[in-house]
Each structure stands twice: as structure tokens, then as C-alpha cells.
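Descriptive structure summary
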Amino acid sequence: MKPGSTRTKRDPLRTVLGWLVGIGMSFPVFWMALAAFKTEQDAAAIPPKFLFAPTLENFVAMSERVNYFHHAWNSIVVSFASTLIAIALAAPAAYVMAFHASKFTRALMLWMLSIRFMPAVGALIPIYLILVALNLIDTRFALVVITCLSNLPLIVWMLYSYFKEVPAEILEAGRMDGARPLRQLWYLLIPLTLPGIASTGLLGMILAWNEAFWCINITATNAGTLALAIASFANSEGQFWAKLSAASLASIAPILVFGWFTQRQLVRGLTFGAVK
Amino acid sequence: MTALALKNIHKQYGPVVAMKGIDLQVQPEEFIVLVGPSGCGKSTLLRMIAGLEDITSGELYIDNVLMNDVEADARGLAMVFQSYALYPHMTVADNMGFALKMAGVPKEERRQKVLAAAKILQLEKLLDRTPRQLSGGQRQRVAIGRAIVRRPKIFLFDEPLSNLDASLRVQMRIELAELHRKLKATMIYVTHDQTEAMTMADRIVVLRDGVIEQVGSPLELYNRPANTFVAGFIGSPKMNLLSAEVVEQKEGTAQMRIGESSFLTLPAHAGLAQGRTLTVGVRPEKLQQDAAGSISGVVAVVEHLGGETLCYVDIAPGIRLTVKLEAMSTVQVGDRTRLALEPGAALLFDADGKAMH
Amino acid sequence: MSATVVNHAGARRQKRGMKVWPLLLPSVSVLLVWMIVPLVMTIWYSLQNYNLQSPPAQFGGLSNFEYLFTDPDIPIVVWNTLLLVFGPLVVTVCLGMAFAVLYDGPFPGRGIARLLVITPFFVMPTVAALVWKNLFFHPVWGLLSWVEKLFGLQPIDWFSSHPMVAVIIIVSWIWTPFATLILLTAMQSLDREQIEAARLDGAKAVSRFIHVVFPHLKRPISVLVMLETIFFLSTYAEIYVTTMGGPGTATTNMPFYIFSRALQGFDVGLASAAGLFAILIANVVAYFFIKRISEHL
């Protein structure tokens, strides 16, 4: 029985509280969104102004000052590339774990998950030194590789969980029809799990987009993503919140949209199935 | 040359033995049915033939070529799954043509072959539909069509009719039998339904607990079952298996007591020593109402099926005989009745359940 | 009659199961390198006296570890790390539970309200921290100072006087939606019939919660706690953007300590030793979590 849907009883307390909490939690974001359209004076005004004349001057200034588009492009490239590569690497592995399971594959999956939990700081120094030695500091390439590897276990896990939903008999029929594993994957499994793969991709991109740790430490003006841009913008332009808000809003807007669509996958993915 | 040969096939899952000592030879164009209760290993055996399961030990030959280590996608077999396992995202035409596509057959040739197979199964109008848009019976046909298109050496069927409703099942049974005649193909068919086995098979393989109990033609199994299990499994309604005590043996006949005041008279047999107890098998259709019959009992339940009447007669406390009477029978619950057995229709089984001939 | 479609004469002969190993290879080998190389290097460097400003590295034995455990900053760092784990943990779990209960029942516009509640989680941590820093916590222009003045109080400079509290608030704000989502999902998987039965038995709402709902949630809560612990142990971006670990070491946790020693102090050896320590702790927590979820595979 779907919880709550059969009863139409109106609960005024719950309604009020539910809305209060929702508005309260998202208030900071909305407040920032408002500030993005204010002039600096309006943004800094005390008492805070809720009514004001909106302006787009911040967005204009932002693209000049902070080299916004360059960093936005980096964010897009890194998120996209790292996720795509991760899916390409993960799909065959997830296929094996889903349809040719054994004690070994189970242990493998657990090992992969344990890597996910290792603090990034543990790898910071070695990676940093390696990148310096290879002259890869502040390159998109390095960031793509590192982001891809960081998210790979999670992506394998999510693809695995979606693949498992396909009845094994369909792949067996494919086998009998002469399809070897890679062809089963390409012609049968992937078309049947496209929605799941899309959600996984979406989640991967969100995580890559928001990724700040590696970005701050191994990239700078050349390959820095928006996460870095905001961080450095904060230090240099700390007093100009209207502009900061504009830059911030522009940085998070796409992900907010993605995020709204993927909330269920979030639970499934990040808890590794421990919560249904 | 045999189409399929199994030599001493063993299957183990870790310490658990699932099948042992399986020996079987299948001739080309034969229709073989593997039948048995759930858990007997019939599906496992089929899957081992298909290559979807490993063979722990023993040898599998297809067309006299050893196939143990050959991958499922390279054995030249086609399988129809119980759930049909159609590709949900492809049209009927693509479903049927998939194997050809995997083999690299060019598009035009694929189309023609698919059309030819579709005609055999009356699927031409459905070629552009997806499985979701088909009924159960139609899906089943597509599954069969998918197998036909490949012209495999052997067709494998894994309980294909069990998901259909009763009337469709009867119709499909006939169609499958006709298909077999038309295609002249070797077919191995798994089912738990002994009616399907009896009506469709050239030969039946009865399995129980991973072991072959008997192999033979339907009539062989019906008339000369090798043990009580096969005797009770084949034939509907189920054969009456009674514990009988030899009362006396003289003048070429033996008299056996099967109930308080019920007796059977059988031809003398070496194994019938006075006082010995063994099992006697009597088919419901071989019993008739006979005022002079040697079996006496009280009618407990009557089932009128229209074309025939089934009658359950208690001949002793806890011993109930199933009797098949003709449709017009006027027998009533509570009647005292006497039954006679058709001469020579009794089967004898020893204490281990093995047939005594 | 056309020839058999499948070529069985030249059939592939391979031991079954061998066939699919190559498919695992790309991801496994890549992850293996990703795991082993940094680990080995970290262990190596932790045993060296290596300062990037005065190479080369010299073998230092366990001197880094000695220094680590005698550094007067370390107790503060460890304490801060613990605070930054347990603080947000308590807040997110309690609030998450409360919100989950709230959103479990229907009300008009629930879907939208729910979306609003989970918004913070998708905001970049750097942006989230900045929003709070400038628009709320700022002693002059922040919203909170305006509110405080309304009540006649002196506005607080959060990041000077209560930096840890401020950071904890930020982290909690970001992660409460996560906790809410998880607990809400878990709640909605609860068999409604149990609650109905309890109701028929005369149980009031509160005791229904305590005796029926809560036991069902024990498991998801433990999953949530473990997961959040792992993530909170590596809190970094929020600190970088607001306090840079300060004032002094007031908000320096383990990751930040390593960062400051390595990339600001250039002391690779010491930072590596600290890194090993962090890895060890993370491993311990991860072990328990993995055990729990391995049942689900």
C-alpha cells in the first residue's frame, strides 16, 4: 500500500511545518539567488532588502572578472569526460558482477567500495608529487583522470544494481543466439537499462561538478573548474557579495536542476543499497 | 550417427550432487521429452546440453563432436525458455533475426529468413510489434520462431507451455507436434506435465532426484513401467499402487489380498511366495464395475467429468481405489460395489519398487 | 536447405568463466593502481625527512611519527576532527529524523516542499560555505547580525568567536537533506499494516513511533551514521573557503592539517605520516560499513 496516498485527511500542522521547513532549508539558496540580481549596495544593505530593483550588472561583471566561462567550460568538460569514461570502464565490470557472480566478484565489489571510502587526503601528496614530476599540474587531463577514478567505484555499483534488474534469461537467450559477452552488453543490456545508465551518469556528473578537494589542490587558472573559481573569487573579491552571489548562482544552477531529477538515485547510489 | 549423446554425466554444486550417471542417446529427428517432478534436474540437464551450465564430469556429444568445453553461443542449438525471454526492446522481426545478425548474415537475407519462419507460425502480421503488445500465446510463437530461424541442430524447450492457460496449452501442443513433423528436427523438451510427455514424445526420459528412472516410448512407459515411481507418474488419473499379500498360489494362478474383502487373481509368478507382501499396480481405467468381481468396497467420492466418471472406492480403512467408469455411470456415494480387473492388467513391483516381469 | 547458421566446426573452446575476466580488467587494474601507488608512496614518504624546499629526502625512520605525536597541535587537530564528525552527525540525524517524520504524511504541495528541503545537498560545498559566511554570518552585513540587532544583541562575529560552531552549521545544512532522504526512504518502506495494527491496539502516535517505526529505522540510521562519518572525516572545502583552519588551529581538522603541512609548509614527510593516520581511521570505520552492506550484494 503506497504510504499516505489512500488517505486524504488534511493535516494543517504538517502542512505548515512541512512548508516552513522546506522554505527554511532552501532559504539560503534563494537569498543568494536574490542577491545575484541586486546592486552591491542593495546586497549589503541593512536592514536586508527584500524588495529591490533587479539588475544584471553582476553577471556581466562576473564574466569579465573571474573568467567565468573558461572555468565553466572546464567544469563541463571534466564532469562530462570523467563520467563518460567511468561508465565505459564500469559497464563491463558491472556486467560480470551482475551475471557471472561468484565469491570473487563479490569480494571485488567490496574492495572497490572500500577504495571509495579512503580519504582523498591520503592520496594527496603522492598524487601531487607525481603530477609535478609528469608536468601535469593544472591540466584538465589530470583532473579528469582523478575525478574519474574517485567516482568509479560508485558508478560500478550503480550500474551493477541496475543491471541486476534485467532478467538473466534475456541475456541467456542472447547467448544462445550467438552473442558473446560484449555483444550481449551492447545489443541487449545497455538498451534495456538506458534510464538507469542515464541516472548514473547524472549522479556522476553532479559529484564531479561539486568536487572541490582535488580541484583546489592540483589546478589553478588553466584547468580550474568553477569550484576553484568560486573559492579564489571568495578570497579576492570577498567584499562583493552581489557579484559573488551571481557567480555562485551561475555555478550551481545546472546541478540543482539535475539534482532535483535524481533524488531517488541518490539514495540508492550513495547508500550502496543498504537502504531500500 | 546420434544427434546427441550423454555419457555418464555428473553435475555437482559444491558438495551437493544434483545429477549423476546420466546416459542418453538421442537419434536425429527424435522428439525426446524430459519429465519429472520439480527438483528432479530436468531443467539442469537441458541447460547443460545448451551450455548454460557447466558439466562437472562426463561427456556431451552433439553430432559425435565433444562439446563439453564449447561455449553456449557456439553449439548450434536453439532454446525456447519458459518465460520466452524475448528481447523487450526489439520488434518481433528483430527478435527473430537477432541470431542471424550475430552471425553476420546480411540484412536482406535476414529479412527473408525471418519472413519464412514467420509464415510457418502465422506471425507475418506481427513482425513490427514489440513483445509488450503481444498476447502470451503470440509471445510463445515468437520465441519458437526465434529458434526456427536459426535452423539449429537441436531444438531445446524448457517448459514452454506452462505459462499458457489450459485451452491454449492443448492447442499449442498440437501445433508443436505438427511443427516437429514439418521441420523434421531433433527436439528435446522439458516438462513436468506427463500429459504433454505422453502426447508429444517419441521417447520419454523420466527423471527423479537427478537420476534417470526410465527411458522409453510413451506406451512402453505406460504398459511396462520400470518401477513404482514411473508407474505412478505416467498416466492420468494416477495408477493405484496397492500393498498386496500373497494368499495362495496354485494351478497357475495366484491370489492376492489387497483389502479386507478384496482380492486379485493373477497369473502365477516365480516371485510370488505364499505370505509375501509386494506392491501391485492397477490402472483406474482397467477396473470395471462387475457384480461378480473380486474387489469389494464402498463408493466415497464420485466425479462426473462429462466424458467419463471418476469414482473413489474405499476397499479398506485407508485404502482407496481410483476407478474410471463410463460417462453414463449411475453410481452414487455410499453404494456398495464390486469391481473386476481386466485380465493381465496388474503390474507387480517388489519391495524396492522395481517391476517384476 | 540453407547451411546451418552457426559455425560449430570452428567453435571456441574455452573454459567457461575464463571468458569474462578480460571485462573486469580495465576497471580493476585502474583502481588497483589508484589504490596501491599512493598508498605505497605515502608509506615511503612517511619514513623520510623530506621537505620540498630542501631536498633531497633522507631516511628518517619513525621520526615523522614521533614528531606527529608530540606536535602540540595534534591533540587540537584530533579534537577538532572529532567535533566536526560528531557535531554534524548529531544535528543531521536528529533533524533528518524529524523532517522524515514530517514528510512521511501527505499534505498539499508535499512534492515541491520536499524538493526544497533537499536543495542544499546539491549546492557546491564551496558555494554553500560562502553563502553562509557572507550572507548570514558576516558581522556587519549578514542576516544573522541583523536579526541579532533586532533583538538588541551585539552582533557576533561567528568566524572569530565561534568558528567551529559556524563550520558545523554549514556542514549540517549541507548534509541534513541527505539524512532526511535516507530516513524518509526507509520510513516509506515500512509495512503500513504494522502501524495500523499498533493503532488498533490503542497505541498513541508517540508510542507508535517509539515501538514500531523506530526499531525499523535502527538499521538505516546505522548506515547513515557510518556513511556520514566517512564523509565528515574528510571535511575540507568548507574550511578552506571560510576559516582556512583558523583562527590559529581552531578549525583545523585532519585533512586540513595535512594540507597545510604539505602544501603550505612543504613538509612532505610529516604530512604523509599524518595521512597514514587518517587512512587508518577511515579504514576502521569503512570496515564496519562494508560488513553491513555486504549482506546486500
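Parameters and conventions
- Residues numbered from 1 in each chain as written.
- Chains lettered and ligands numbered in written order.
- Predicted model: local features only at pLDDT ≥ 70, side-chain atom pairs only at ≥ 80, totals over all residues.
- Helix = DSSP H or I, 4+ residues; strand = E, 2+ residues; numbered from the N terminus.
- Buried ≥ 20, exposed ≤ 12 C-beta atoms within 10 Å, placed from the backbone.
- Contact = placed C-beta atoms within 7 Å.
- Pairing = 2+ DSSP bridges.
- Axes fitted to C-alpha atoms, helices over the stretch in contact; angles between N-to-C directions.
- Domains from an automatic or database assignment.
- Nonpolar A, V, L, I, M, F, W, Y, C, P; charged D, E, K, R; others polar.
- Core = buried A, V, L, I, M, F, W, Y, C linked by C-beta atoms within 7 Å.

If you tally the helices and strands in chain A, you get 14 helices and zero strands. Helices (α) and strands (β) of chain A occur, in sequence order from the N terminus, as α-α-α-α-α-α-α-α-α-α-α-α-α-α. A burial count over chain A gives 55% of its 276 residues as buried. Residue pairs at least 24 apart in sequence account for 78% of intrachain contacts in chain A once pairs closer than 6 positions are excluded.

The subject of this paragraph is the sheet that holds strand β17 (residues 308–316) of chain B. Residues and elements named next belong to chain B. Strand order in the open sheet made by the five strands is β15-β19-β16-β17-β18, with antiparallel pairing throughout. Since the sheet does not close on itself, it has two edges, and those belong to β15 (287–289) and β18 (319–326), each with one partner. Averaged over all adjacent pairs, the angle separating strand axes in this sheet is 45°, with direction ignored.

The buried count for helix α2 (residues 92–102) of chain B comes to nine of eleven residues, which makes it a mostly enclosed element. Listing the buried residues of α2(B) in full gives B:V92, B:A93, B:N95, B:M96, B:G97, B:F98, B:A99, B:L100 and B:M102. In this structure, the buried residues of α2(B) make contact with α9 (181–192) of chain A together with α3 (107–120) and α4 (136–149) of chain B.

A word on the domain arrangement of chain B. All names here are of chain B. According to the domain assignment, chain B contains domain 1 (4–233) and domain 2 (240–356). Taking only C-alpha atoms into account, the centre of domain 1 sits 39 Å from that of domain 2. Between domain 1 and domain 2, the residue contacts involve eight residues of the former and eight residues of the latter. Its residues assigned to classes, the side of domain 1 that touches domain 2 comprises four nonpolar, three polar and one charged.

Moving on, we come to the pairing of strand β16 (residues 295–304) of chain B. Residues and elements named next belong to chain B. Bridge analysis of β16 against strand β19 (residues 336–341) gives four bridges, and the strand direction is antiparallel. Note that in β19 the partner of I295 across the bridge is L339. Pairing geometry for β16 and β17, over six bridges, is antiparallel. Looking across to β17, one finds that E303 is bridged to L310. The antiparallel pairing of β16 with β17 creates a hairpin that spans three residues between the two strands, and G306 there sits at a positive phi of about 100°.

This part is about the nonpolar core. Counting residues in each nonpolar core, the largest one holds 275 residues, and the members touching the most others are A:A90, A:A94, A:L159 and B:L156. Sequence-distant contacts of A:L159, defined by excluding residues within four places in its chain, comprise A:A90, A:A91, A:A94, A:I197 and A:T200.

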